[in-house]
Amino acid sequence: MNIEDSIILEIFKGISFSKKEMNLIESKLKKLKLNKGTTILKADDKVNNQYYVYNGCLRTYFIDKSGKEHTLQFAINDWWISDYTAFFTASKAIMYIETIQEATLYEISKKSMEDLFVEIPQLETFFRKKMERAFASFQKRILASLAQSAKERYVSFISTYPNIEQAVKNYHIASYLGITTESLSRIRKEISHN
């Protein structure tokens, strides 16, 4: 597999590992190099894995009954991504995940994670804290979609994802914000004139 120790330390920032632990982690991670436009998860797939984004950009989206896409999340360097509803409940995926830039990911299965939690308990704490922050972030996003104007949501988006606009198509950003591409253009124009 040959995952460099420095990459493992980057993925699990703030944790020191013995050489034995590093080897164990390396044995559980699978490196994936994916082209732009690759779908790594589709609705109704079984969800066994989550992915660490080493570089590139991915998006998670849902397709409603009328065929409209709703972007739920973007994942950039140092983010984790999966259909977590399905991942944690052993149910089928309800979302899709695609690369919107060429990407390098590190895949880990739920079983491998559980094994690592037993062997290296500080990893369980690491993932619990990651999930706590993610849960708080999703709650903030829900509240923002209920209470903020489209302009406020866009300003929050560019604050959260400062370097993403050049890499992401306008309709993906509009979908994430719950607005049309025309509204997105109008908001950008308003902001540039201020």
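Residues numbered from 1 in each chain as written. Predicted model: local features only at pLDDT ≥ 70, side-chain atom pairs only at ≥ 80, totals over all residues. Heavy atoms only, no water.

In the nomenclature of an unreviewed UniProt entry, the protein corresponds to Cyclic nucleotide-binding domain-containing protein from the organism Marixanthomonas spongiae.

A word on the packing of helix 7 (residues 170-177) against helix 8 (residues 181-193)
Selection rule: To get an axis, a line is fitted to the C-alpha atoms, and for a helix only the part in contact is used. The angle between two axes follows their N-to-C directions and goes from 0 to 180 degrees. By definition, any uninterrupted DSSP run of H or I lasting at least four residues is a helix, any uninterrupted run of E lasting at least two residues is a strand, and each is numbered from the N terminus. In this scheme, roughly parallel covers angles under 35 degrees and roughly antiparallel covers those over 145, while 65 to 115 is roughly perpendicular and the rest are oblique. Residues count as neighbours in contact if any of their non-hydrogen atoms are within 4.5 Å of one another. Each residue is assigned to one class: nonpolar for Ala, Val, Leu, Ile, Met, Phe, Trp, Tyr, Cys and Pro, charged for Asp, Glu, Lys and Arg, and polar for all the others, Gly among them.
Taken N-terminus to C-terminus, the directions of helix 7 and helix 8 make an angle of 95°; their axes are 9 Å apart at the nearest point. On the basis of their axis angle, the class for helix 7 and helix 8 is roughly perpendicular. Of helix 8, the residues touching helix 7 (which contributes N170, Y171, I173, A174 and L177) are T181, L184 and R188. By residue class, the composition of the contact of helix 7 with helix 8 is 5 nonpolar, 2 polar and 1 charged.

Points about the UniProt feature "domain: Cyclic nucleotide-binding" (unreviewed entry) in the protein
Selection rule: UniProt positions are given in the numbering used here, feature names are shortened, and annotations may be inferred rather than shown by experiment.
The positions that UniProt labels "domain: Cyclic nucleotide-binding" (unreviewed entry) are, in the present scheme, residues 33-117. End-to-end, the C-alpha atoms of residues 33-117 are 26 Å apart, and along that stretch the chain is 16% helix and 45% strand.

Quick look at the nonpolar core
Definition in use: Within this scheme, the nonpolar core is defined by two criteria: the residues are buried Ala, Val, Leu, Ile, Met, Phe, Trp, Tyr or Cys, and they are joined through side-chain atoms within 4.5 Å. Relative accessible area decides the class of each residue, using a 1.4 Å probe on protein chains only: under 20% of the type maximum gives buried, over 50% gives exposed, and in between gives partly exposed.
F12, F17, I25, L58, W80, L105 and L123 are the most contacted members of the largest nonpolar core, which has 38 residues in total. In terms of residue count, the dominant contributor to this core is strand 8 (residues 103-109) (4 residues). Excluding residues that lie within four positions of it along the chain, I25 makes contacts with I8, F12, F17, L116, I120 and L123. One finds I100, Y154, A174 and I179 within the second-largest nonpolar core, a separate group that totals 15 residues.

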